Amino acid sequence: MIEVADRVLPVSADVSDSGVLAIGGMPVTELAKEFGTPLYIYDEATLRANMRRYVNALSANYPDALPLYASKAYSDPHVVKIAAEEGMGLDVVSAGEIAVGVAAGFPLDRMYFHGNNKLPEELAYALEAGVGRIVVDNFNEIDLLNTIAGQAGKRAQILLRIGPGVEAHTHDYIKTGALDSKFGFALPIGQAEEAVARAQAAPHLDLIGLHAHIGSQIFDIEPYVDTLDLLIQFAQDMTDKYGLQMTELSPGGGWGIRYTGADDPPPIEDLAETVAVTVKDRMAALGWDLPRLVVEPGRSIVGQAGVGLYAVGSSKTIPDVRKYVAVDGGMADNIRPALYDALYTVLVGNRMHDPAEETVTIAGRYCESGDVLFKDIAMPVLNPGDLIAVPSSGAYCLAMSSNYNLVPRPAVVLVNDGDARLIRRRETLDDLIQPHLDV
Ligand code: LLP
């Protein structure tokens with residue numbers, strides 16, 4: 001267990017002789033005492049390390065590359081500020097995520113606005129705020145953005161999101177590059193070409209590049225190379241037919257991370273280097289100038305940086321069937337097990353050296369039978385108050401959280417070098433009542 005834990009925990013994690021897990025120099029027992037549970041702990045060292053891995057591996061192999069932090073994985077002004085400091089750009093998908101970037105003082109020219117149904121007011125806000133790039137997803141948006149830009153007296157710098165028809169091996173719900181997808185202009189059936197023609201004719205749009213995103217939690221490099229090849233071939237065709245000048249190119253995000261010992265994602269550097277070298281090679285063969293190379297990882301930046309922390313409460317044994325142990329969080333702060341059958345490595349943060357003694361199922365606290373976090377896992381005999389620590393929880397947990405059952409969302413702390421800073425306070429009952437009017 002400890003061996004797997006080593007490979008999923010944040011880089012600063014450590015275990016004391018007495019078996020207490022510490023992150024960023026902060027024992028989880030102390031964090032639980034001070035901030036309560038459930039608690040999400042983000043490790044600044046891991047965030048910065050993963051960002052630097054992208055920045056360094058790309059810049060070592062490519063002169064003009066920009067890794068964006070895909071803020072949908074976890075949109076928080078403090079994390080976004082760190083992304084700005086590390087020289088990253090930002091992928092946003094809503095006015096809310098733009099507003100987080102604005103609040104963090106993020107350089108807006110390095111912001112890319114994605115989404116398959118951006119609202120007119122969101123597009124207007126993005127242009128008004130000075131968001132650098134809009135990644136246009138569909139025909140309706142070409143017209144809408146052209147009109148809004150015209151009314152605002154601006155030109156929008158756009159990339160087109162292309163559906164390349166590439167199969168990536170991941171969960172159906174998070175697969176986006178295949179033909180049957182709600183995202184983007186399908187390449188194999190001519191919609192991508194039609195989009196280029198229309199965008200080139202739109203007076204208030206500057207079509208500067210092509211984008212694709214083929215899915216999430218991907219471990220193979222091959223689909224990225226295939227995607228780049230398809231995009232570049234398409235660009236060549238569009239240059240001949242419509243005078244496209246591709247100065248930016250993006251194969252999206254989606255690089256996978258390790259959740260359990262069964263996951264073996266190749267290092268970030270492999271992806272960065274392969275993508276960079278592929279584009280360089282193809283451009284050299286075409287005799288084209290290198291476009292800016294954009295990648296947009298979310299999970300592989302922030303996933304490993306976050307650890308969920310729950311306290312054990314009740315338990316129930318059904319002889320010869322199952323033992324349930326319940327924690328004080330569940331599907332409203334991490335819906336991934338219920339939604340994707342996602343698996344995690346589960347640790348007892350205050351008893352890291354204790355051997356497993358029995359098989360239990362960790363259930364959440366929400367009123368739904370499907371609120372089971374971790375099925376049939378080997379654990380020491382757990383007692384109320386024990387701390388369940390869940391590595392690889394930094395991405396798409398709080399980002400997809402809800403107030404189901406009207407439970408306040410957890411607090412978030414950022415740890416670094418023996419310091420813990422509350423970066424998001426726990427929601428209160430007042431927060432839940434307040435939006436209801438005339439009570
Ligand atoms: N770019 C675009 C256009 C995307 O749609 C996404 C993720 C990303 C970048 C970042 O992907 P990442 O590097 O984080 O894999 N809720 C699911 C994941 C949904 C991903 C949505 N799009 C999950 O919990 O696994």
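Refer to the preceding data block for the structure.
Bear in mind that the values here come from a model prediction, so they are computed numbers and not experimental data.

Even after reading the chapter, I still don't get the packing of aromatic side chains, so can you show me in this structure?
For any pair of aromatic rings, geometry is given as the distance between the ring centres together with the angle between the planes. Enumeration over the complete set of coordinates arrives at 6 aromatic pairs. A ring pair is formed by Phe139 and Phe185, whose centres lie 5.0 Å apart and whose planes are at 65°; its orientation type is edge-to-face. Taken together, the residues Phe139 in helix α7 (residues 139-152) and Phe185 in strand β10 (residues 185-186) connect sequence positions 46 residues apart. For Phe185, a relative accessible area of 2% translates into the label buried. Relative to Phe374, the ring of Tyr344 has its centre 6.0 Å away and its plane inclined at 70°; by these criteria the two rings are edge-to-face. Residue Tyr344 is located in the loop between α12 (336-340) and β16 (347-348), and its partner Phe374 is located in strand β18 (residues 372-379); the two are separated by 30 residues in the primary sequence. Comparing Tyr344 with Phe374 shows no difference in burial state: the two are buried. By the ring-pair criterion, three or more aromatic residues cluster together here, those being Tyr259, Tyr344 and Phe374.

In this structure, what is going on with the nonpolar core? I would like to understand it.
Nonpolar side chains in soluble globular proteins tend to be buried together. The biggest cluster of nonpolar side chains holds 107 residues, and the ones touching the most others in it are Tyr69, Ile158, Leu160, Leu210 and Ile388. Element by element, the count of residues in this core is highest for helix α9 (residues 222-242), at 8 residues. By size, the runner-up hydrophobic cluster in this structure holds 23 residues, among which are Leu9, Leu21, Ala32 and Leu347.

I'm lost on the sheet that holds strand β3 (residues 26-27) in this one. Help?
Judged by pairing direction, the sheet is antiparallel, and its 3 strands sit side by side in the order β1-β2-β3 without closing on themselves. Edge positions in the sheet fall to β1 (14-15) and β3, since each has one partner strand and no second. Direction of pairing for β1 relative to strand β2 (residues 21-23): antiparallel, over a ladder of 2 bridges. By the bridge assignment, Val15 is partnered in β2 with Leu21.

Quick question: what am I supposed to make of the side chain of Arg299 here?
Within the secondary structure layout, Arg299 lies in helix α11 (residues 299-302). Here Arg299 sits buried without a salt bridge, and the closest side chain of opposite charge, Asp263, lies 8.9 Å off (N-O distance). A distance of 2.6 Å separates a polar atom in the side chain of Arg299 from a polar atom in the side chain of Ser216.

What counts as what
- Residues numbered from 1 in each chain as written.
- Predicted model: local features only at pLDDT ≥ 70, side-chain atom pairs only at ≥ 80, totals over all residues.
- Heavy atoms only, no water.
- Phe/Tyr/Trp six-rings, centres within 6.5 Å; stacked < 30°, edge-to-face > 60°.
- Helix = DSSP H or I, 4+ residues; strand = E, 2+ residues; numbered from the N terminus.
- Buried < 20%, exposed > 50% of the residue type's maximum accessible area, 1.4 Å probe, protein only.
- Core = buried A, V, L, I, M, F, W, Y, C linked by side-chain atoms within 4.5 Å.
- Pairing = 2+ DSSP bridges.
- Lys, Arg positive; Asp, Glu negative; His and termini not counted.
- Salt bridge = Lys/Arg side-chain N within 4 Å of Asp/Glu carboxyl O.
- Polar contact = N/O pair within 3.5 Å; in protein donor to acceptor, adjacent residues only side chain to side chain.

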